[in-house]
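Structural overview
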Amino acid sequence: WCLSTTTECAGTVTGTNGTGAQAAPGAAGGYTPIADAQCTEVQNQLTQALGIDVSRSTAPAAFQDLSGGTGQSCQLVISATGAQFPNMVDAGQRIAGALTPNGWTLDPQYAADSPTGTIHGLRRNNQLAVYNVQWAPAAGVTCPADQPIATCAQSLTPDQMTYTITVDLAQQ
């Protein structure tokens, strides 16, 4: 499966649903956003744990799980720089660390890393939280095309790295 929402994976193109997951042909749906109060609770927990503003989509976001189940989620969005997160793994660990004391447990099916992103999932009862941490060079920063992005990342200052994090919260 892929982390990029525009990358071709296994012969299919992923959608822009924030999860990076692929749909299996003919898979059943059934996801709805978690309750408004629960989404607000998670938003507040992440704001406190991360020390930065966590915004919330005004409308439910399209959602897709690993098995191809579809529906909608309450989507939280975090925009930051390397000044807030030393790396994408740290950002992901801080998200998981904020949720696990509240009954969320890691789902090992949702564990993928690439040089520019990491995706993980947690479950609580019939709920699924999938977070996708992506980084890119900041506007105006160009990485050499003939070098791996990881090499470029080593030469960037924290302010030259931008992070976009989505957290999709859905239930079946």
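Now for a look at the structure at hand.

Parameters and conventions
- Residues numbered from 1 in each chain as written.
- Predicted model: local features only at pLDDT ≥ 70, side-chain atom pairs only at ≥ 80, totals over all residues.
- Heavy atoms only, no water.
- Helix = DSSP H or I, 4+ residues; strand = E, 2+ residues; numbered from the N terminus.
- Polar contact = N/O pair within 3.5 Å; in protein donor to acceptor, adjacent residues only side chain to side chain.
- Pairing = 2+ DSSP bridges.
- Expected span 1.5 Å × (residues − 1).
- Buried < 20%, exposed > 50% of the residue type's maximum accessible area, 1.4 Å probe, protein only.
- Arc of directions from axis to C-beta.
- Contact = heavy atoms within 4.5 Å.
- Salt bridge = Lys/Arg side-chain N within 4 Å of Asp/Glu carboxyl O.
- Core = buried A, V, L, I, M, F, W, Y, C linked by side-chain atoms within 4.5 Å.

Details of the environment of Asn-87
In this structure, Asn-87 sits in the loop between β6 (70–81) and α2 (88–99). Between the C-alpha atoms of Asn-87 and Tyr-163, which are 76 residues apart in sequence, the distance is 9.1 Å. A polar side-chain atom of Asn-87 sits 3.1 Å from the main-chain amide nitrogen of Val-89.

Here we look at the pairing of strand β7 (residues 105–114)
Here 7 bridges tie β7 to strand β8 (residues 117–124), and the two strands are oriented antiparallel to one another. Residue pairing across strands places Asp-113 opposite Thr-118, the latter belonging to β8. Counting the residues that bridge the hairpin from β7 to β8 gives 2 residues.

Points about unusual backbone geometry
A positive phi angle, near 55°, is found at Asn-125, a position not held by glycine. Position of Asn-125 relative to the elements: it lies in the loop between β8 and β9 (127–137).

Focus: α2
For α2, which comprises 12 residues, the first-to-last C-alpha distance of 17 Å matches the rise-based estimate of 16 Å (1.5 Å per residue) to within 8%. Residues of α2 that are buried include every one of Met-88, Ala-91, Gly-92, Ile-95, Ala-96, Ala-98 and Leu-99, and no others. Take α2 and look down its axis: the buried residues cluster within an arc of 160°, on one side only. Next to the buried residues of α2 lie α1 (36–50), β7, β8, β9 and β10 (161–171). Its side-chain oxygen placed 3.1 Å from the backbone nitrogen of Val-89, Asn-87 serves as the N-cap of α2.

Comments concerning the pattern of salt bridges
Side-chain pairing between opposite charges can occur once the charged atoms of the two side chains come close. With the rule as written, the count across this model stands at 3 salt bridges. As a salt-bridge pair, Arg-56 and Asp-36 come within 2.3 Å of each other at their nearest N and O atoms. In this pair, Arg-56 sits in strand β4 (residues 55–56) while Asp-36 sits in helix α1, placing the two residues 20 residues apart along the sequence. Across the pair Arg-123 and Asp-107 runs a salt bridge, and its minimum N-O distance is 2.6 Å. One end of the pair, Arg-123, is in strand β8; the other, Asp-107, is in strand β7, with 16 residues separating them in the sequence. By relative accessible area, which is 8% here, Asp-107 ends up buried.

Thoughts on the nonpolar core
Nonpolar side chains tend to gather and get buried jointly when the protein is soluble and globular. The biggest cluster of nonpolar side chains holds 33 residues, and the ones touching the most others in it are Leu-46, Leu-76 and Leu-169. For this core, the secondary-structure elements that each account for two or more residues are α1, β6, α2, β9, α3 (149–155) and β10. For this core, the element with the most residues is α2, which contributes 6 residues. Setting aside its immediate chain neighbours within four residues, Leu-76 contacts Cys-39, Val-42, Gln-43, Leu-46, Val-54, Ser-55, Arg-56, Ile-165, Thr-166, Val-167 and Leu-169. If you look at the next biggest cluster of nonpolar residues, it comprises 8 residues, including Phe-63, Ala-112, Ile-119 and Ala-170.

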